[in-house]
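Take a look at the letters that make up each chain.
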Amino acid sequence: MKFRKYSVLTVLFLSALFLLAGCGGKQPTAQDRLKDYVKAWQKQDFSKMYSYLSQASQKTISKTDFVSRYQTIYSGIEAGNMSATVHAPNKNKPSSVPFKATLDTAAGPVAFSQTIRLTQQKSKNQENWYVNWQPSLILPGMKTGDKVRIDTIPAKRGEILDRNGNPLAMDGTAAQIDVVPGQLGTGAGRTKIINQLAKMLGVTGQQIEAAMKASWVKSDTLVPIKTISAANPGLVKQATQLPGVYKTTVASRVYPDGQASGHLTGYVGPITADLLKAHPNQGYTETSVIGKTGLEQLYEKQLRAQDGAVIHLLDASGNEIQTIAQKAPKNGQNIQLTIDKNVQDALYNQLKNDAGSGVAIDPKTGDILGLVSAPSYDPNAFALGMSSSDYNKLSSNPKQPLLNRFTEATAPGSTFKPVTAAIALSHQAINPNANVAISGTQWQQDKSWGNYYVTRVDHAPSVNLESALYRSDNIYFAQTALKIGGTTFANDSKKFGFGEALPIPYPMQPSTISNNGKLDSAMLLANSGYGQGQVTVNPLHLSLIYSAFVNNGSMIMPRLIKTNAAPTMWKKNVMSPETAQLLSNDLAQVVDNPAGTAYNARINGLPLAGKTGTAEFKQTQGTTGRENGWFVAYNTNNPQLLVTMMVENTQKLGGSDYVTPKVKTVFQQILHK
C-alpha cells in the first residue's frame, strides 16, 4: 500500500480550515446583521425583526406590542415597498452601521437616514450582533409615546361629459339611510318599522337586523342600511319619517343620464382582489374605487382620482410634532365625448321597451352622437352598491339588460343590400337601369339547391336597381351577388372594413362576411347578397358604411372623443362618387316612394334616405322564427344625422315596419323641432 506524503504547512492549513468550519465559518459583522434586519423589514416580517433586537431593546417593548405597533401604523399609512442600502461602518466604530431607506406610503415616500447601533451578545452559544431598537425605526423622528395620524385629502374623479358639457358621469352625493337601534322601539312596533323600511329600500328585515348586530354597534349608533340615489327625494323623505331612521349625505359617483347611457358610461365599484393583482404598484388599495365597465373602465387611467394624504407625528397628548410625509391630491381628467345627450335620450326613449340597439352619427364629421343598448340598467345602482338579489334579477332577465347590444355584430338583413349594389356597380356586374324580370315570390339558381328557395315579399314582375332597393327585392340581390362572384364579393367586402376592428377606443365586435371570410358556395353567396347567410354587421359599422353615400364614396372615420380636428376618412373610395350619388338617390325612394318599405318614415320638410331590413333566424325555410327589424336613415339636405336602429323579435310586430316610426321620431325630435 502506498501513502501520499503531505507537507507540514499543508497539514496546518487544512487544520485551520476545519477549525473555522467547526466554528461556523466567518463571524457575522454588525453590517451583515443589519442587512438581515432590513430584509425582514422590507417584507414587513415584524416577528422576525423582533428576533433581531438586543436584549436591552426587548426589555423596553414586548414582542406583541412591537408587532402590533408596526402593523397598526404601517397599515394606517398604507406602507408599501421599501428600498434600503446598508453601508459599511466606520472602522473605528464597527457597532454603528449607517443606512438609508425609502418607504412608500399613502402620503408619498418616507426617507430614513440613520446610524443604527448594534450590540454583540451571545445567543444559543453563538456570538452575534443585535439591533438597539428605537421608535425612530418605525418612522423617522418618532419617540416613545408618540402617535401617528394620517389625513386623507380627497381627489375628484374626472367627469364624462357629452359634447355640450352635460355630465354623463360625475362625482356627487347620495343618501345613506341609517337606523339608530335604540330608537326603533321594542316588540311588534320595532318589527313593523323594520319591515316597513325593508320594503321601501328593497332589502329584507333580516338584513337590517344583521347590520344592527355587528360587534361595533351600540344602541345610539348610526347603522348604515342602504345608500340610495339623492335624485329620489321622495323615498328619502318617506324613509326618514319612520322613527329611528336618518339620512346621511355621502360622496358617490353619479350618472345623471341613468339607464339611457348605462352601457356607454359603465360604472365604478370597489376594487376586487383580482383587480388589485391586475394593477400592481399603481397606488390602488383595498378601499379604492375603479371603473368596472364601459367608459369608466376604458378611461380609468385618465379619469382616476388619486387622493392626497398627510402623515402627522403627534406627541402623547395629541399635539402635532411634525409632518412626516405629504402628498397632494391629483384629480382625474375630464373626458368630453362627441355624444349628444339629447340624441342619446331620443334613441333610448324609442328603444327602452324593446330589446335592441341604436346608433347615431354625424355622417359628415364622424362624430358619434348616440350609442344605446336596450333594455338597459341604471349605473347608479351599481355605483351605490347593488344587492345580490337585485343583480340576480338583472342577470336572469330574459331580455338580457346586461348585454351591450351596440357592440354586437348580427345579421343586417336587407340593410346590407346597398353594399351588394355598390360592389356590383364597381365591377359593372349589373346595369342599374336594366329591368330584370322576376316571376313569383320564390327563386333558386338550379335544382342542386333542393328545397331551398330565395323568397321575396314584393310581387313586381320586373325591377331595376332603384325599385329593387325601395321594394327590397331579395331575389334581385341574390342574383346580383351571383353575378359578382364569391371571391370578388368577399375581397371587396374588406374594402368596407369587414373582418377589421373599428377604429374607436370602445371595443366592438368586427363585422364578418362569413364565418371563414369566404363565399365559396352559390347558396351562401346568394343569401349574403341580401344580408342573410353568415353576414354579421355591427350597427356602428353599418352607420359608417352608409356615410359613404354622403361623402362621395368614402367612409368617415368615427370619433367618440370631442376634437376640433378636421374630419378624416376611414375607408377612402369604397365606391365612386357617381355610385354613391346614384345609390343615395335610390335610397331616398325607400322613404319617398309609396311602394317604398320606409314610406311611413317620411317627414314633411325633412327629406330622408335609408334602407329597411328584416333579419330572419329560422331553423328551416318556410317556418316561423325569430326576426330582427332594422332601419338606417339619414337626412339628405345638409346631412347632419344618420341613425341606425335594430329591434329584436319583431316577427309579430311587423318586422322593419315596427322600427321605421321610431327612427322617424328621433329625426323629428332632433332636426325637425
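Cut-offs and rules
Residues numbered from 1 in each chain as written. Predicted model: local features only at pLDDT ≥ 70, side-chain atom pairs only at ≥ 80, totals over all residues. Heavy atoms only, no water. Phe/Tyr/Trp six-rings, centres within 6.5 Å; stacked < 30°, edge-to-face > 60°. Helix = DSSP H or I, 4+ residues; strand = E, 2+ residues; numbered from the N terminus. Buried < 20%, exposed > 50% of the residue type's maximum accessible area, 1.4 Å probe, protein only. Lys NZ or Arg CZ within 6 Å of the ring centre and 35° of its normal. Pairing = 2+ DSSP bridges. Axes fitted to C-alpha atoms, helices over the stretch in contact; angles between N-to-C directions. Contact = heavy atoms within 4.5 Å. Polar contact = N/O pair within 3.5 Å; in protein donor to acceptor, adjacent residues only side chain to side chain. pLDDT = per-residue confidence, 0-100. Salt bridge = Lys/Arg side-chain N within 4 Å of Asp/Glu carboxyl O.

**Thoughts on the packing of aromatic side chains**
Taken as a whole and judged by the stated rule, the model has 21 aromatic pairs. Taking the centre distance of 5.4 Å and the plane angle of 70° together, the rings of F66 and W133 count as edge-to-face. In this pair, F66 sits in helix α5 (residues 63-76) while W133 sits in the loop between β4 (126-131) and β5 (147-153), placing the two residues 67 residues apart along the sequence. Here W133 falls in the buried class, since its relative accessible area comes to 6%. Residues Y267 and F382 carry aromatic rings whose centres are separated by 4.1 Å and whose planes lie at 10° to one another, so their mutual orientation is stacked. Of the two residues, Y267 sits in the loop between α9 (262-265) and β10 (268-270) while F382 sits in helix α14 (residues 379-384), which places them 115 residues apart along the sequence. Note on Y267: relative accessible area 14%, which makes it buried. Connected via pairs of aromatic rings, a cluster forms that spans F46, Y50, F66, Y70, Y74 and W133. Lying across the ring of Y284, R304 places its NZ or CZ 3.8 Å from the centre.

**A closer look at the sheet that holds strand β13 (residues 320-327)**
Read from one edge of the open sheet, 3 strands run β5-β12-β13, paired in antiparallel fashion. Both edges of this open sheet fall to β5 and β13, since each of them pairs with a single strand only. Taking each pair of neighbouring strands and ignoring which way they run, the sheet shows an average axis angle of 20°. As paired elements, β5 and strand β12 (residues 308-314) share 7 bridges and run antiparallel to each other. Counted as the bridge partner of V148 is L313 from β12.

**Re the environment of Q302**
Looking at the secondary structure, you find Q302 in helix α12 (residues 300-303). The exposure class assigned to Q302 is partly exposed, which follows from its relative accessible area of 27%. Sequence-wise, Q302 and P412 are 110 residues apart; in three dimensions their C-alpha atoms are separated by 36 Å. In this structure, Q302 is in contact with G332, Q333 and I335, ignoring residues within four places of it in sequence.

**Here we look at the pairing of strand β23 (residues 608-617)**
Burial within β23 is extensive, with 7 of its 10 residues counted as buried. Where β23 lies against strand β24 (residues 626-635), 10 bridges are found, and the strand directions are antiparallel. Across the sheet, residue E616 finds its bridge partner in β24, namely E627.

**Quick look at the side chain of T105**
For T105, the location among the structural elements is in strand β2 (residues 96-105). Residue classification places T105 among the buried positions, given a relative accessible area of 10%. A polar atom in the side chain of T105 sits 3.1 Å from the backbone nitrogen of A107. When near neighbours in sequence (up to four residues on either side) are disregarded, T105 contacts I77, E78, A79, V110 and I311.

**Quick word on the confidence of the model for the protein**
When the pLDDT values of the protein are averaged, the result is 93; 95% of them are 70 or greater. Confidence drops under pLDDT 50 across residues 1-24; counting only partners more than four residues distant or on other chains, this segment forms 2 contacts.

**What to know about the environment of L482**
Looking at the element boundaries, L482 is found in helix α18 (residues 474-484). Taking the C-alpha atoms as reference points, L482 and Y284, separated by 198 residues in sequence, lie 58 Å from one another. Apart from the residues within four sequence positions on either side, L482 is in contact with W443, Q445, A522, L525 and A526.

**Focus: the pairing of β24**
With 9 of its 10 residues buried, β24 lies for the most part within the structure. Of the pairings in the sheet, the one linking β24 to strand β25 (residues 642-647) comprises 6 bridges and is antiparallel in character. Residue pairing across strands places A633 opposite V643, the latter belonging to β25.

**Concerning the pattern of salt bridges**
Tallied over the entire structure, the rule returns 16 salt bridges. In this structure, E300 and R157 form a salt bridge, with 2.8 Å as the shortest nitrogen-oxygen distance. A residue pair is termed long-range when its members are at least 10 positions apart, and E300 in helix α12 and R157 in the loop between β5 and β6 (160-161) qualify at 143 residues. Classification of R157 by relative accessible area gives buried; the value is 8%. Linking R456 and D473 is a salt bridge whose minimum nitrogen-to-oxygen distance equals 2.6 Å.

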